[in-house]
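# Remarks on the overall topology
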Amino acid sequence: MVRSFVEAILGDVGRQILYYYEANAFWINIIILIYGLFMFAAWQNLVRIYRFLIVEMAKEAHTSDELNRKKSNKKIRKIIGVPWEKAVEQSPLPFIARIGDVVPKRNNVENLKILFDEKDLADKTLRALRGEKIQKMMPSTRKMLRKELEERKKDTA
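This brings us to the side chain of Asn45. The topology assignment puts Asn45 in helix H2 (residues 25–63). Apart from residues no more than four positions distant in its own chain, Asn45 is found in contact with Ser91, Pro92, Leu93, Phe95, Ile96 and Asn107.

Here's what the structure looks like:
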């Protein structure tokens, strides 16, 4: 009774899609599962790159002769900079995605600069130098989305 009610609501096209799904449910679900795992791996890759950048900047700041005890966000960005190329080379997967993305992006310097803020990376570097756990540091999805939208507005203008 419920099935006939659902089929009546779906209409002709909806019924055809339902029958197609029922006939091929296994393969459709496998494709969806593989896509989900791929997007999860791309997101994990983005988090791994984020933490790699923080660790590399902290190493450079710790061993730098120019930066003494008075390390600041501005000094770290000016003297050390962000090792974008090194992060791209060390990445195990050629794709990155923020949480909520439907389509992954290629892992390159331009996309990393769009997603990550240098000031935020330098702040997290200072926190890592003070002894905070790097495993708990994650990029802010809200900040990444805001920065990505600003970049799109610049491109369209």
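This is not the end of the story, as more comes after the structure.
So, about the nonpolar core. As a rule of thumb, soluble globular proteins bury nonpolar side chains together. With 23 residues, the main nonpolar core has Ile49, Leu53, Ile76, Trp84, Leu112, Phe116 and Leu121 as its most contacted residues. Per-element accounting of this core gives the leading share, 7 residues, to H2. Apart from the residues within four sequence positions on either side, Leu112 is in contact with Ile49, Trp84, Ala87, Val88, Ile96 and Asn107.

What the rule picks out here adds up to 4 aromatic pairs. Here the aromatic rings of Phe26 and Trp27 are separated by 5.0 Å at their centres, their planes lie at 80 degrees, and the arrangement is edge-to-face. In this pair, the class of Phe26 matches that of Trp27, namely exposed. The ring of Phe95 is capped by Arg106, whose NZ or CZ atom sits 5.4 Å from the centre of that ring.

If you add up the space inside the largest pocket, you get close to 190 Å³. Along the walls of the largest pocket sit 13 residues, with Leu115, Asp117, Lys143, Met144 and Lys147 positioned nearest its centre. Every element with two or more residues in the lining of the largest pocket is listed here: helix H6 (118–129) and helix H7 (141–156). Ranked by residues supplied to the lining of the largest pocket, first place goes to H7 with 5 residues. Across the lining of the largest pocket, the residue classes tally to 6 nonpolar, 1 polar and 6 charged.

Before going further, it helps to examine the pattern of salt bridges. Using the criterion set out here, one finds 10 salt bridges in the structure. With its nearest N and O atoms 2.9 Å apart, the salt bridge here joins Arg98 to Glu148. Of this pair, Arg98 sits in the loop between strand S1 (95–96) and strand S2 (105–106) while Glu148 sits in helix H7, and the two are 50 residues apart along the sequence. Each member of the pair, Arg98 as well as Glu148, is classed as buried. Measuring nitrogen to oxygen at the nearest pair gives 3.0 Å for the salt bridge that ties Glu132 to Arg127. With relative accessibility at 32%, the residue Arg127 sits in the partly exposed group. Through salt bridges with shared partners, a single ionic network connects Arg98, Asp101, Lys105, Glu148 and Arg152.

Here Ile76 is to be found in helix H3 (residues 73–80). Distance from Ile76 to Leu126, taken between C-alpha atoms, is 8.7 Å for residues 50 residues apart in sequence. Leaving out residues up to four positions away in the same chain, Ile76 has contacts with Met57, Ala61, Leu67, Gly81, Ala122, Thr125 and Leu126.

As a further point, take the packing of H2 against H6. In contact at an axis separation of 9 Å, H2 and H6 are set at 65 degrees when each is read in the N-to-C sense. Note that H2 runs across H6; the crossing there is right-handed. Where H2 approaches H6, its residues Tyr50, Leu53, Ile54, Met57, Ala58, Ala61 and His62 are matched on the opposing element by Asp120, Leu121, Ala122, Lys124, Thr125, Ala128 and Leu129. Partitioned by chemical class, the residues of the contact of H2 with H6 number 10 nonpolar, 2 polar and 2 charged.

Cut-offs and rules
- Residues numbered from 1 in each chain as written.
- Predicted model: local features only at pLDDT ≥ 70, side-chain atom pairs only at ≥ 80, totals over all residues.
- Heavy atoms only, no water.
- Helix = DSSP H or I, 4+ residues; strand = E, 2+ residues; numbered from the N terminus.
- Contact = heavy atoms within 4.5 Å.
- Core = buried A, V, L, I, M, F, W, Y, C linked by side-chain atoms within 4.5 Å.
- Buried < 20%, exposed > 50% of the residue type's maximum accessible area, 1.4 Å probe, protein only.
- Phe/Tyr/Trp six-rings, centres within 6.5 Å; stacked < 30°, edge-to-face > 60°.
- Lys NZ or Arg CZ within 6 Å of the ring centre and 35° of its normal.
- 1 Å grid on protein atoms, 1.4 Å probe; cavity = no way out; pocket = protein on both sides within 12 Å on 5 of 7 lines; lining within 4 Å.
- Points joined across faces, edges and corners; volume = space filled by probe spheres on them.
- Nonpolar A, V, L, I, M, F, W, Y, C, P; charged D, E, K, R; others polar.
- Salt bridge = Lys/Arg side-chain N within 4 Å of Asp/Glu carboxyl O.
- Axes fitted to C-alpha atoms, helices over the stretch in contact; angles between N-to-C directions.
- Left-handed = near helix turned anticlockwise from the far one by under 90°.

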